[in-house]
Amino acid sequence: MKVLDKMETFLTLAECGSFSETAKRLFCSQPTVTSHIQQLEEQFEATLLMRSGKSVRLTPQGEVLHEYAKKMVALFEEASQSIKNAGLSSPVLALYASNYMGVYVLPDILRRFHHSYPQQHFELHTYGYTDLIDMLMEEKITMAFLPIYEEDKYVQTQYDSIVLFKDEFVLVLPPDHAWAERKMLYARDIARITLLLPQNSYLQDCILSPIYELGIRPDTIHMSSFEVIKESIKAGLGVAFIPYYAVRGSLDKGELIAKPVYGLRIERNNGFIHRKHKPLTQIETAFCECAQGTLLLNGNA
């Protein structure tokens, strides 16, 4: 494990270019990072990094080691997974997703995946966005299906992400609302209503930023989930911008209606992420490819 620990230190340092940031990401001391690099340089009898102030960059020898280090870590992860699955005819595929993706998006994908892999057992675990990120940070899981926010710097720096589809948020009203007969609403209308918002700060920013750019500051009420928001709309407590997947069932049944707002478009990327240098297993890769294919067939990719 000592060699792999040093390789992980080297890969992380090569990625972020900072000894202090590497120590922070690996939850170790900066002297430990320095020691790992020194030991590698002694072992290979080569200078692997060029130091310039507080930043570093790879030397030509370091570039060579970088390629081999990635392969070594990937092979170890593959071996670890194979050992865990040894003796199992069909290892369980554990999927982790945000509540939104787990409730509204993944069931269709799982149905298609089960049709293609009827012998494959799987589990679906859903969590709030913050709880899911905490699990990723604690390295309890290495892959998740969730909304992808550019503002979440931890996800952007620590994970490779694949966007599966882009959500459009629609303005949702109760069927008996005064605006029900209007074909088009305008930004000024939003200033006169109560807007129901989810509690997730990234999601709030996603919804409010385009509205604020139009100079509109609506009254808001924060609620715990899209399901609570939908019921609150039916009760006449306000209106909300909700991603289409989360409200399509209620729209089809006529329980709620959606109206376009001229000059306003609210969107969000959704997909899956996996930790850098942690390759997907064969069955995980198959599921992700199934997800991409299903959404493409549905016209959402």
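Residues numbered from 1 in each chain as written. Predicted model: local features only at pLDDT ≥ 70, side-chain atom pairs only at ≥ 80, totals over all residues. Heavy atoms only, no water.

A. Layout of the packing of helix H5 (residues 99-116) against helix H11 (residues 244-253). One way to put it is that H5 packs onto H11 with a least axis distance of 9 Å and a crossing angle of 75 degrees. Between H5 and H11, the interaxial angle falls into the category roughly perpendicular. In this structure, H5 contributes Tyr100, Tyr104, Val105 and Asp108 to the contact, and H11 contributes Tyr245, Ala246 and Arg248. Taken together, the residues of the contact of H5 with H11 sort by class into 5 nonpolar, no polar and 2 charged. (Axes fitted to C-alpha atoms, helices over the stretch in contact; angles between N-to-C directions. Helix = DSSP H or I, 4+ residues; strand = E, 2+ residues; numbered from the N terminus. Parallel < 35°, antiparallel > 145°, perpendicular 65-115°, else oblique. Contact = heavy atoms within 4.5 Å. Nonpolar A, V, L, I, M, F, W, Y, C, P; charged D, E, K, R; others polar.)

B. Molecular detail of the packing of helix H2 (residues 19-26) against helix H3 (residues 30-44). For the pair H2 and H3, the least separation of the axes is 8 Å and the interaxial angle reads 105 degrees. Put simply, H2 runs roughly perpendicular to H3. From H2, Phe19, Ser20, Thr22 and Ala23 reach across to H3, where they touch Gln30, Val33, Thr34 and Ile37. Residue classes in the contact of H2 with H3 are distributed as 4 nonpolar, 4 polar and no charged.

C. Main features of the nonpolar core. With 69 residues, the main nonpolar core has Tyr100, Val105, Phe145, Phe241, Ile242 and Phe287 as its most contacted residues. Beyond its immediate chain neighbours, meaning those up to four positions away, Phe241 contacts Phe169, Val170, Leu171, Ile190, Leu195, Ile207, Ile211, Val261, Leu264 and Ile266. Listed in part, the 17 residues of the second largest apolar core include Met7, Leu11, Leu13 and Ala46. (Core = buried A, V, L, I, M, F, W, Y, C linked by side-chain atoms within 4.5 Å. Buried < 20%, exposed > 50% of the residue type's maximum accessible area, 1.4 Å probe, protein only.)

D. Highlighting the pairing of strand S11 (residues 267-275). Within S11, 7 of the 9 residues are buried, leaving the element largely enclosed by the surrounding structure. Where strand S5 (residues 143-148) lies against S11, 6 bridges are found, and the strand directions are antiparallel. Among the inter-strand pairings, Ala144 is bridged to a residue of S11, identified as Ile273. As paired strands, strand S6 (residues 159-173) and S11 are joined by 9 bridges and run antiparallel to one another. Each residue of the ladder has a partner; that of Lys166, found in S11, is Asn269. (Pairing = 2+ DSSP bridges.)

E. Examining the environment of Ile216 more closely. Summarising the element assignment, Ile216 is placed in the loop between helix H9 (201-213) and strand S8 (219-223). Judged by its relative accessible area of 12%, Ile216 is buried. Considering only alpha carbons, one finds Ile216 and Asp189, 27 residues apart in sequence, at a separation of 9.4 Å.

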